[in-house]
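Analysis of the macromolecular model
Chain residues, written in single-letter form:
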Amino acid sequence: MDQNFFNKVRILDGGMGQELLARGMEPNGTLWSANALLQEKYHQLLLDTHLDFIKAGAEVIVTTTFTTRKSRLRDNNVFDKYEYLNKKAGEIAQKAKENYPNVLVAGGLPPQNLTYEADNSADDEMRENFNSQAQLLNPYIDFFYFDVLSSVREFKIAIESIKEFNKPYLLGAHISEGNHLPSGEKITKILNDIEHYKLMGIILSCVSPENFELNLEEIKNLGIPFGFKLNAFIKTNSKPNYNDAYKKHKTGNPNEFLGVRKDLTPEKMLEFAKKFKDAGATIIGGCCETTPLHIKAFSKLK
């Protein structure tokens, strides 16, 4: 595929996990979107949700593999389904693409340990985790998307782990608050401290509009296509971590302990997106709590 795909404005999809829960998928531990893969009764719902994002204007859909990482499946006692779940995510994304051949499928590679904090696993373990998930997704995807990573080290190891597939990749960096990654590092180090070879661009991933705006100058000065996947959570700095926060709450929906903003309507989110597009952003999409209606609003920027 064209490594320069994001040199002009492109629309990404929105938040699959929260949208599936909103559409009636039952929570199942901390599996979230992976539950739609695990239970066959939700496969059509997952496909329909992909299709609804495409009909709303998404030119890229991301595989529902954020919670099919090994650590999350172990936490939920379904590790034996690792290969099946990752392949099924690719298969269902490909079914959506069959109806809309021009849509690209991004292979979502999430943080391989906890979310919104740097992974302190050994290098070899992290590399094997990224590589094994990439192996399963590779036949179904157009490019890889590193989804909500939190440190320069994670990006470096993740990029090394996919070299054998010779596919381009999009960086998705997370910042919970302020202007540093959860590791304490600046965004610029992701470009300066890593040797890149098929880089398509960089986005701030699962961030609030205000936090993206706070980091806009730094990310636009990196000299590569940039953009965002905006969320509508009240916070993403869940303490001490996702699993512990989840255990203290009564439902399996993360919006219970992260909160949902009521002010970020599609119209309001479009105002932010337009401001960022005017500043040069070309990669425009949504994350948690963003719906096809938000993506439809974003598509007006094309």
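Residues numbered from 1 in each chain as written. Predicted model: local features only at pLDDT ≥ 70, side-chain atom pairs only at ≥ 80, totals over all residues. Heavy atoms only, no water.

1. Describing the nonpolar core
To keep things clear, this is the line we draw: Only buried Ala, Val, Leu, Ile, Met, Phe, Trp, Tyr and Cys residues count toward a nonpolar core, and they belong to the same one when joined by side-chain atoms within 4.5 Å. Exposure classes here rest on a 1.4 Å probe applied to the protein chains alone. A residue is buried below 20% of its type maximum, exposed above 50%, and partly exposed in between. A run of H or I in DSSP becomes a helix once it reaches four residues, and a run of E becomes a strand once it reaches two; helices and strands are each numbered from the N terminus. Only heavy atoms enter the contact rule, under which two residues are in contact if any of them lie within 4.5 Å.
Of all hydrophobic cores here, the largest spans 80 residues; its most connected members are Phe-146, Leu-171, Ile-190, Ile-202 and Phe-212. Ranked by residues supplied to this core, first place goes to helix α3 (residues 43–56) with 7 residues. Beyond its immediate chain neighbours, meaning those up to four positions away, Leu-171 contacts Phe-146, Phe-155, Ile-159, Ile-190, Leu-191, His-196, Leu-199, Gly-201, Ile-202 and Ile-203.

2. Some words on the pairing of strand β4 (residues 143–149)
Applied cut-off: Whether two strands pair depends on DSSP finding at least two bridges between them. For a crossover, the right-handed case is the one in which the path from the first strand over the helix to the second runs clockwise, viewed with the strands pointing away from the viewer.
In terms of burial, β4 is largely enclosed, as 7 of its 7 residues are buried. Looking at chain direction, strand β3 (residues 104–109) and β4 are connected through 4 bridges and run parallel. In the sheet register, Gly-107 faces β4, and the bridge partner there is Phe-144. Of the crossover connections in this fold, the one passing from β3 over helix α6 (residues 123–137) to the parallel β4 is right-handed. Here 4 bridges tie β4 to strand β5 (residues 169–173), and the two strands are oriented parallel to one another. By the bridge assignment, Tyr-145 is partnered in β5 with Leu-170. Regarding the hand of the β-α-β motif, the stretch spanning β4, helix α7 (residues 152–161) and β5 is right-handed.

3. Section: the sheet that holds strand β2 (residues 60–62)
In plain terms, the rule: Angles run from 0 to 180 degrees between N-to-C directions of axes, and those axes are lines fitted to C-alpha atoms, restricted for helices to the stretch in contact.
Strand order across the open sheet formed by 8 strands is β1-β8-β7-β6-β5-β4-β3-β2, with parallel pairing between neighbours. Strand pairing shows two members of the sheet lacking a second neighbour, β1 (10–11) and β2, which therefore form its edges. Strands in contact with helix α5 (residues 82–99) are β2 and β3; relative to β3, the strand with the most contacts, it is inclined by about 165°.

4. Examining the side chain of Thr-64
Within the secondary structure, Thr-64 is located in the loop between β2 and α4 (70–75). When sequence neighbours within four positions are dropped, the list of residues in contact with Thr-64 reads Met-16, Ser-33, Leu-37, Leu-46, His-50 and Ala-89.

5. So, the packing of aromatic side chains
As a reminder of what qualifies: Only the six-membered ring of Trp is used, alongside the rings of Phe and Tyr, when aromatic pairs are assigned; centres must lie within 6.5 Å, and planes under 30 degrees apart are stacked while those over 60 apart are edge-to-face, with the rest tilted.
Tallied over the entire structure, the rule returns 11 aromatic pairs. For the pair Phe-6 and Phe-143, a centre-to-centre distance of 5.9 Å together with 90° between the ring planes defines the contact as edge-to-face. Of the two residues, Phe-6 is situated in the segment before β1 and Phe-143 in strand β4; the sequence distance between them amounts to 137 residues. The exposure class of Phe-6 is buried, given its relative accessible area of 0%.

6. Side note on unusual backbone geometry
In this model, Trp-32 sits at a positive phi of 50°, which is unusual for a non-glycine residue. Among the secondary structure elements, Trp-32 is positioned in the loop between α1 (16–22) and α2 (34–38). Given the relative accessible area of 8%, Trp-32 is considered buried. In this model, Val-148 sits at a positive phi of 70°, which is unusual for a non-glycine residue. Residue placement: Val-148 occurs in strand β4.

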